[in-house]
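Structural overview for review
In case you want the letters, here they are:
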Amino acid sequence: MLFQPVNPDLPVPIWEQIVAQVTYAIASGALESGELIPSVRELAPRILVHPNTVAKAYQELERRGVVVSRRGKGMEVTPGAPELCRTWRRDLIRRRVRETLREAVASALSPEEVRQIVEEELDRADGQRRLRDSTREKR
Amino acid sequence: MDIATDNHHVQPRTAETVIEVRGLRKRFGGKVAVAGLDLRVPRGAIFAFLGENGAGKTTTIRMLTGLLEPDAGRATILGKDCWKDAVRLRHTIGYVPERPRFYDWMTVAEIGWFTAGFHPPSFLPAYEHLTERFKLDRKAKLQTLSKGQYAKVALSLALAPDPAVLILDEPTSGLDLLVRREFLASMVDLAGSGRTILISSHQVAEIERVASHVAFMAHGRLVLAATAEELQRRLVRYQLCFNGHAPDPERLGTVLRRSASGKHWQAVVLDPDPEAVAALQRADGVRDFEECPLTLEEAYLALLAEKGDQP
């Protein structure tokens, strides 16, 4: 799977960013049940974070039942993972959107204005994703 | 790869102490460079040693590498005294100084052969492997190398004896972004295989992601040392809006910074008291209460700007 660079400036801890990336990859089908995720030693230098941080993210994924440690092989995506990850993805995004919308409403923007911003930004994000996907395919 | 053995190296809490410093002092004439320093660096750590120029980082490192005798106190690496056992420790410690200087008329290959004379036979193949990985031209004379290539030679020489401990003094200052990334990736890889790394730096942002431990030094003293995770709990920024009287941050803990403009209020607090925080959050007239951990750069500024203001 393609790991995006993590960003230490975000208020979200780096290990949680790794958890989120694996969760999204499984939810979108980019990582399937039975596949192995990269080992701690392999991933840490690739995304430039301390191995302990990657290990912490993997422990959390294991605790959630998304991956399971297979002795001698590595960390394997569980059969129940796609369902779990789709639920989490929805909940996580819903929480983020809720926070932002709360701030928008508190700032006294009208609901129509907020709705318009949401529509525009959604179109923009989707456009960017399509562009990224198409350049990736060309490579 | 076996995940069980893979995780074996990643045990920060119970890990043995590899570098231990107690009451270390050094003065040069009338100037105190290190004024009673205590440090513990566990195995597998990437220990970021942060502070302004002149804080005493380099003097500490020179005592750790056996190049300077402490006036008082003791530094040990893997149980051996850094000064008395300095020669024996040389094979155990890789060291990259801030401005490495070699015989510049030698080529990349020649400096490897030359240095190999001081080390076991495994040194040379390891050095050649490293210089190849760093894409260094073995026939190039050192004086013709760029700053980044020169630093890669220094790192290759330091890593070739396969040291248990790597000490780097400002390793990435003045290097290109790509070289710095390569350096950091090597650090992460080494830590993953159980090597212990101490990096002094004032380039905070790029150290943040790779460090497992952080120590802040000012005026020869340790200001704060913590794991990267503890630091997020121990240094917190609170922000809120208030009506009426501005809240008093002093009861929250050690206040490093505070500012207020209009109804908006914020404070950076070291070791916040959870009860006082909860009380503030519930206080009359307080709304939009938020707490967020600091980035390493913000932590650096909060801790060292405050200390730096003192004489």
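The shown structure was predicted, so the numbers you read here are calculated from the model rather than taken from an experiment.

1. What about the overall build of chain A?
- Summing up its helical and strand segments, chain A has five helices and three strands in all.
- Along its sequence from the N terminus, chain A presents helices and strands in the succession α-β-α-α-β-β-α-α.
- Put simply, chain A has 139 residues, and 28% of those count as buried.
- Counting contacts in chain A only where the partners sit at least 6 residues apart, residues at least 24 apart contribute 56% of the total.

2. Brief notes about the overall build of chain B
- Per the secondary structure count, chain B includes 11 helices and 14 strands.
- A principal-axis box enclosing the C-alpha atoms of chain B has dimensions of 75 × 45 × 40 Å.
- Counting the 311 residues in chain B, one finds 43% classified as buried.
- Within chain B, contacts between residues separated by at least 24 positions form 68% of all contacts whose residues are at least 6 apart in sequence.

3. Remarks on the domain arrangement of chain A
Residues and elements named next belong to chain A.
- According to the domain assignment, chain A consists of domain 1 (14-81) and domain 2 (82-138).
- Here domain 1 and domain 2 have C-alpha centroids that lie 25 Å from each other.
- Taken together, the 11 residues of domain 1 in the interface contact eight residues of domain 2.
- In terms of residue count, the dominant contributor to the side of domain 1 that touches domain 2 is helix α1 (residues 14-27) (five residues).
- Of the residues assigned to the side of domain 1 that touches domain 2, the class counts are six nonpolar, four polar and one charged.

4. Focus on the environment of B:Ala276
All names here are of chain B.
- Examined against the element boundaries, Ala276 turns out to sit in helix α10 (residues 274-282).
- Residue classification places Ala276 among the partly exposed residues on the basis of 15 C-beta atoms within 10 Å.
- A sequence separation of 202 residues divides Ala276 from Arg74, and the C-alpha atoms of the two residues are 40 Å apart.
- Excluding residues that lie within four positions of it along the chain, Ala276 makes contacts with Arg251 and Leu252.

5. Focus on the sheet that holds strand β14 (residues 286-293) of chain B
Residues and elements named next belong to chain B.
- With respect to topology, four strands assemble into an open sheet ordered β12-β13-β11-β14, the strand pairing being antiparallel. If you trace the sheet from one side to the other, it starts and ends with β12 (254-261) and β14, each paired once. Each strand of the sheet is rotated relative to its neighbour by a mean of 15 degrees, with strand direction disregarded.
- Sheet topology note: the strand β11 (residues 235-242)/strand β13 (residues 264-270) ladder contains seven bridges and is antiparallel. Among the inter-strand pairings, Leu240 is bridged to a residue of β13, identified as Trp265.

6. Quick notes on the pairing of β11(B)
- Sheet analysis places β11(B) next to β14(B), joined by six bridges and oriented antiparallel. Bridging from a neighbouring strand, B:Tyr238 pairs with B:Glu291 of β14(B).

7. Focus: the environment of B:Glu16
Residue and element names in this part refer to chain B.
- Checked against the element boundaries, Glu16 lands in the loop between α1 (3-8) and β1 (17-28).
- A tally of 11 C-beta atoms within 10 Å means that Glu16 is categorised as exposed.
- Residues Glu16 and Leu78, spaced 62 residues apart in sequence, show a C-alpha to C-alpha distance of 9.0 Å.
- For Glu16, the residues in contact, after removing those within four places along its chain, are Pro42 and Arg43.

8. Section: the sheet that holds strand β5 (residues 80-81) of chain B
Residue and element names in this part refer to chain B.
- An order of β2-β1-β4-β5 is seen for the four strands of this open sheet, with the pairing classed as antiparallel. The strands lining the two open edges of the sheet, one partner per strand, are β2 (31-42) and β5.
- The strands touched by helix α2 (residues 57-64) are β1, β2 and β4 (72-77); relative to β1, the strand with the most contacts, the crossing angle is about 120 degrees.

9. Focus: unusual backbone geometry
All names here are of chain B.
- The phi dihedral of His219 is positive, around 50 degrees, even though this residue is not glycine.
- Relative to the elements of secondary structure, His219 occurs in the loop between β9 (213-218) and β10 (221-227).
- For Asp288, which is not glycine, the phi torsion reads 50 degrees and is therefore positive.
- Structurally, Asp288 can be placed in strand β14.
- Residue classification places Asp288 among the exposed positions, given that 12 C-beta atoms sit within 10 Å.

10. Quick notes on helix α4 (residues 81-106) of chain A
Residue and element names in this part refer to chain A.
- With 26 residues, α4 ought to run about 38 Å at 1.5 Å a step, and its terminal C-alpha atoms sit 37 Å apart, in line with that.
- Counting buried residues in α4 gives two out of 26 residues, a small share hidden from the surface.
- Among the residues trailing α4, Ala108 stands out with phi positive, at a value near 70 degrees.

11. Some words on the nonpolar core
- Core analysis: the biggest nonpolar cluster contains 115 residues, and B:Ile46, B:Ile197 and B:Phe216 have the highest contact counts within it.
- Not counting residues up to four positions away in its chain, the partners in contact with B:Ile46 are A:His50, B:Met187, B:Ala191, B:Ile197, B:Ile199, B:Val210, B:Ala211 and B:Ser212.

12. Re helix α5 (residues 123-133) of chain B
Residue and element names in this part refer to chain B.
- Here α5 has its buried residues at Phe123, Tyr127, Leu130 and Thr131. Along the axis of α5, the buried positions cluster into a sector of 95 degrees, meaning they face one direction only. Across from the buried face of α5, at angles greater than 90 degrees, the exposed residues are Pro125 and Glu132.
- Looking at the buried residues of α5, the elements they touch are α4 (108-116) and α6 (147-159).
- Positioned one or two residues after α5, Lys135 has a phi angle of 55 degrees, which is positive.

Cut-offs used in this document
- Residues numbered from 1 in each chain as written.
- Chains lettered and ligands numbered in written order.
- Predicted model: local features only at pLDDT ≥ 70, side-chain atom pairs only at ≥ 80, totals over all residues.
- Helix = DSSP H or I, 4+ residues; strand = E, 2+ residues; numbered from the N terminus.
- Buried ≥ 20, exposed ≤ 12 C-beta atoms within 10 Å, placed from the backbone.
- Contact = placed C-beta atoms within 7 Å.
- Domains from an automatic or database assignment.
- Nonpolar A, V, L, I, M, F, W, Y, C, P; charged D, E, K, R; others polar.
- Pairing = 2+ DSSP bridges.
- Axes fitted to C-alpha atoms, helices over the stretch in contact; angles between N-to-C directions.
- Expected span 1.5 Å × (residues − 1).
- Core = buried A, V, L, I, M, F, W, Y, C linked by C-beta atoms within 7 Å.
- Arc of directions from axis to C-beta.

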